[in-house]
2 protein chains.
Amino acid sequence: MLSQTQENYLKCIYKLSEEITEGATTNTIAEVLKTKAASVTSMLKKLASKKLIHYEKYQAVSLTAKGKKEALSIIRNHRLWEYFLVHKLNFNWDEVHDLAEELEHVNSDLLIKRLDMFLGFPKFDPHGDPIPDPNGKIVHLKALPLCECKTGDSVIISGVCEHSTEFLTYLKEKGLTLGKKITIEQIIPFDSSMKLLLNKKTSLFVSYKITQNILVQWA
Amino acid sequence: MLSQTQENYLKCIYKLSEEITEGATTNTIAEVLKTKAASVTSMLKKLASKKLIHYEKYQAVSLTAKGKKEALSIIRNHRLWEYFLVHKLNFNWDEVHDLAEELEHVNSDLLIKRLDMFLGFPKFDPHGDPIPDPNGKIVHLKALPLCECKTGDSVIISGVCEHSTEFLTYLKEKGLTLGKKITIEQIIPFDSSMKLLLNKKTSLFVSYKITQNILVQWA
DNA sequence: TAATTTTTTTTGATTAGTCTAAATTTATTT
DNA sequence: AAATAAATTTAGACTAATCAAAAAAAATTA
Ligand SMILES: [Mn+2]
Ligand SMILES: [Mn+2]
Ligand SMILES: [Mn+2]
Ligand SMILES: [Mn+2]
C-alpha cells in the first residue's frame, strides 16, 4: 500500500521526468512538493526500497515500470475527478485542481471504472490534458506552446502548461479557454510579448511568460 | 485542521453517544475503530486539548458543540457520497460504505454544496439514514427495530442499524431492501427468530440478531 | 588545479498515530 | 472490607513524514 505522500512523490517524479529539463532531482522535487531536500532524500530511499524508482546517490531518479504504472493511475484519477467537478458539479476549470489533488488518492479501481463510465469515457480533462486509460496508456497530443508561433498564425487553444489558480483564472477572464481560436496579430521583438486577435473586434496583449504556458494546435 | 484519524474518532464518539448503551468509553471506541485502548486514551487527550470533546479521566467522553458540528459535517459528507455512489455510479448499497469512509474526508464546503445540489438535495442515504443539513441539523425518524414487532404486524423497511457488507449483502439477496413491505407471520418464542411474509408466495426465516438490525415503520 | 558554490546526504529532533506491557483506578464479588 | 476482575491510563518504543544544521560530494569558477 502506498501512502498519499508517496503517491504525490511518484506523480511529481513522473511529471518531472516527462519534462525536457534537468529531470527529477532532489531539489526540484523538493521545490514542486514544497518540502525540503532532506525530506526528499529520505523518501527517495523508501520509494527505491519499494522498487518504485531507480535511485542512485547524487543522481536524478526515474520511475520503474511499477512506479510509472502507479503514477499514471493517480494521474488518471486526478483528471477524471477534474472532469467530474467541471462537467457534473459545475466548477470552473480554475477551481478544481486542489480538490482533485485529494480525490485522486481514494483508491478503488471499481470507483474509477464506474466514474469513467458515468462521465462517458472522456479522453481529456478540463485543462486539455489527456486522461490515461485503465492500463496507463496515454496519448501525447501534438500541441506547441503559443510562444513558438509566428505573426499571422491562426491557432486553437488546446491546453496549458501551468495549472495554478491564478493563471487559469486569468485565462478564463480574458476568454482564453480551451477550443478558443486566436490569431497572432503582432510579436514585440524586444520582450517577445504578443498581441492576439480574439475576434474581429478585440485584441489582447500577453507577456512571453503567458505565451509559454498556453498550448495550441493549428486551426 | 483535523486529521482524517481525528475526524474518524469524532464520528465514532458521536455515534456511540447517540446509542442507548454505555456511551463513548475508551474500550468501545477502541473496538469500533479497531485500535487499542491505549491509543484511544492518547487521542482523547488530543481531542480534548482541541476543545472537541469533554474528557475526564476514567469517564466516558462526550462531544462539545464544536466537536458535534465537526462530526455531523463528516456524517453529512459520508451520506451524500453514499447517495452519489448508489444513484449516480450504480453501486449497490452493500458496496459503498468503505468508499464513503474515504471520500468523507475530502474537506470542502463548496464541493459538498455542489454535490448536494447535483444530487437534488437528498434527505436520506441509501441505508435510510438521514442526511444532516449544512448546519448540522438532523431529523430523527421514528423507526423501530423489527424485533419489537408482534405477530401479524405489517411494516415497511426504513433503515438498518448495521452497515457491514456481509449484513447488507444478505438483505439484498433476500430482497429485504429499503421500502420493502413485510408481514410478521410467526415469532418463535424459544429464540425470538421470525418467519416473515415477503409476498403472497414466499416467506423467510430470520434470526433475532437480524431482526435487531432492521428498522421498520408502520405500513 | 585549487577554491568556491551548489546539490545532496547524513545526523539528530519533532509530531502524529500506533502498540505492548505495566501500573493505576474503578467496579464487582465474595 | 478485602480480594478479584475489568477498564483505563502511563511508560516506553516504533514507523512515517517532516525539518534544521552539519557533512560530504559534485559541479563551477577562477
Ligand atoms: Mn495529491
Ligand atoms: Mn488538469
Ligand atoms: Mn472515515
Ligand atoms: Mn449509510
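Going by the structure above, here's the rest.
Thresholds applied
Residues numbered from 1 in each chain as written. Chains lettered and ligands numbered in written order. Predicted model: local features only at pLDDT ≥ 70, side-chain atom pairs only at ≥ 80, totals over all residues. Heavy atoms only, no water. Helix = DSSP H or I, 4+ residues; strand = E, 2+ residues; numbered from the N terminus. Rg over C-alpha atoms; globule rule 2.2 N^0.38 Å. Buried < 20%, exposed > 50% of the residue type's maximum accessible area, 1.4 Å probe, protein only. Areas by Shrake-Rupley, 256 points an atom, 1.4 Å probe, with all protein chains shown as cover. Near = heavy atom within 4 Å. Polar contact = N/O pair within 3.5 Å; in protein donor to acceptor, adjacent residues only side chain to side chain. Nonpolar A, V, L, I, M, F, W, Y, C, P; charged D, E, K, R; others polar. Pairing = 2+ DSSP bridges. Contact = heavy atoms within 4.5 Å. Buried area = accessible area lost by both parts, 1.4 Å probe. Salt bridge = Lys/Arg side-chain N within 4 Å of Asp/Glu carboxyl O. Axes fitted to C-alpha atoms, helices over the stretch in contact; angles between N-to-C directions. Parallel < 35°, antiparallel > 145°, perpendicular 65-115°, else oblique. Left-handed = near helix turned anticlockwise from the far one by under 90°. Phe/Tyr/Trp six-rings, centres within 6.5 Å; stacked < 30°, edge-to-face > 60°. Lys NZ or Arg CZ within 6 Å of the ring centre and 35° of its normal.

*Asks:* Just checking my understanding: could you explain the overall build of chain A for this structure?
*Replies:* If you tally the helices and strands in chain A, you get eight helices and eight strands. Here chain A has a C-alpha radius of gyration of 19 Å; the compact-globule value for 219 residues is 17 Å, and the two agree. Seen through its principal axes, chain A has C-alpha atoms that stretch 60 × 45 × 25 Å. When the 219 residues of chain A are sorted by exposure, 45% land in the buried category. Approximately 11800 Å² of chain A is accessible, and the part contributed by carbon and sulfur atoms is 53%.

*Asks:* What am I meant to see in the protein's contact with DNA strand D here?
*Replies:* Within the structure, DNA strand D sits among 22 residues, and S3 and T35 of chain A together with K45, Y55 and K57 of chain B are positioned closest to it. Within the side chain of T26 of chain B, a nitrogen or oxygen atom sits 3.0 Å from a phosphate oxygen of DNA strand D. Between Y55 of chain B and DNA strand D, the recorded distance is 2.5 Å, taken from a side-chain N or O atom to a phosphate oxygen. At five residues, the largest contribution of residues to the surface near DNA strand D is made by helix α3 (residues 37-49) of chain A. Considering only residue class, the surface near DNA strand D consists of eight nonpolar, ten polar and four charged.

*Asks:* Honestly, the sheet that holds strand β4 (residues 154-160) of chain B in this entry has me stumped. Any pointers?
*Replies:* Residue and element names in this part refer to chain B. Spatial strand order, β3-β8-β4-β5-β6-β7: six strands in an open sheet with antiparallel pairing. A strand with exactly one partner marks an edge of an open sheet, and here the two such strands are β3 (144-145) and β7 (203-206). Relative to strand β5 (residues 181-187), β4 is paired through three bridges, and the arrangement is antiparallel. Across the sheet, the residue bridging to S154 is T183, located in β5.

*Asks:* Sorry, what's going on with the interface of chain A and chain B here?
*Replies:* One frequently used descriptor of interface size is the decrease in accessible area upon assembly of the parts. In this assembly, 20 residues from chain A lie in contact with 20 residues from chain B. Between chain A and chain B, the buried area comes to about 1600 Å², and carbon and sulfur atoms account for 75% of it. A per-residue breakdown of the area chain A buries against chain B is headed by L89, R114 and F118 of chain A, which together make up 29% of the total. At the boundary of chain A and chain B, one finds zero salt bridges. Counting across the chain A and chain B interface gives two residue pairs in polar contact (both at pLDDT 80 or more). Taken together, the elements giving at least two residues each to the side of chain A that touches chain B come down to α4 (65-87), α5 (97-103) and α6 (109-119) of chain A. Taken together, the residues that form the side of chain A that touches chain B break down as twelve nonpolar, four polar and four charged.

*Asks:* For this particular structure, what's the right way to read the protein's contact with DNA strand C?
*Replies:* The environment of DNA strand C is made up of 22 residues, and the closest members are T41, K45 and Y55 of chain A together with S3 and T35 of chain B. At 2.3 Å, a side-chain N or O of S3 of chain B approaches a phosphate oxygen of DNA strand C. Here a phosphate oxygen of DNA strand C and a side-chain polar atom of S39 of chain B are 2.8 Å apart. Sorting the residues of the surface near DNA strand C by element identifies α2 (26-32) and α3 of chain A together with α1 (4-18) and α3 (37-49) of chain B as the ones contributing at least two each. In terms of residue class, the surface near DNA strand C is made up of eight nonpolar, ten polar and four charged.

*Asks:* Would you explain the packing of α4 of chain A against α6 of chain A in this entry?
*Replies:* The relative placement of two packed helices is expressed as an angle between their axes plus a distance between the axes. Residues and elements named next belong to chain A. It is the contact of α4 with α6, at a shortest axis distance of 10 Å, that shows an interaxial angle of 40°. Taken together, the axis directions place α4 and α6 in an arrangement best described as oblique. Taken as a pair, α4 and α6 cross one another with a handedness that is left-handed. Seen from α4, the contacting residues are R76, N77, L80, W81, Y83 and F84; seen from α6, they are L111, I112, L115, D116, F118 and L119. Looking at side-chain class alone, the contact of α4 with α6 contains nine nonpolar, one polar and two charged residues.

*Asks:* What exactly am I supposed to notice about the packing of aromatic side chains here?
*Replies:* We describe a pair of aromatic rings using the distance from one ring centre to the other and the angle between the two ring planes. Across all of its chains, the model carries seven aromatic pairs over all chains by this definition. On the basis of an interplanar angle of 55° and a centroid distance of 5.1 Å, the ring pair of F84 of chain A and F84 of chain B is categorised as tilted. Taken as a pair, F84 of chain A in helix α4 and F84 of chain B in helix α4 (residues 65-87) lie in two separate chains rather than in one. Assigned by exposure class, F84 of chain A and F84 of chain B land together as buried. Taking relative accessible area as the criterion, F84 of chain A reaches 0% and is therefore assigned buried. Here a set of aromatic residues connected by ring pairs shows up, and it is made of W81, F84 and F118 of chain A together with W81, F84 and F118 of chain B. For R114 of chain A, the ring lying beneath its charged end belongs to F91 of chain B, and the centroid distance is 4.7 Å. Directly above the ring of F118 of chain B sits K88 of chain B, whose terminal nitrogen or CZ lies 4.6 Å from the centroid.

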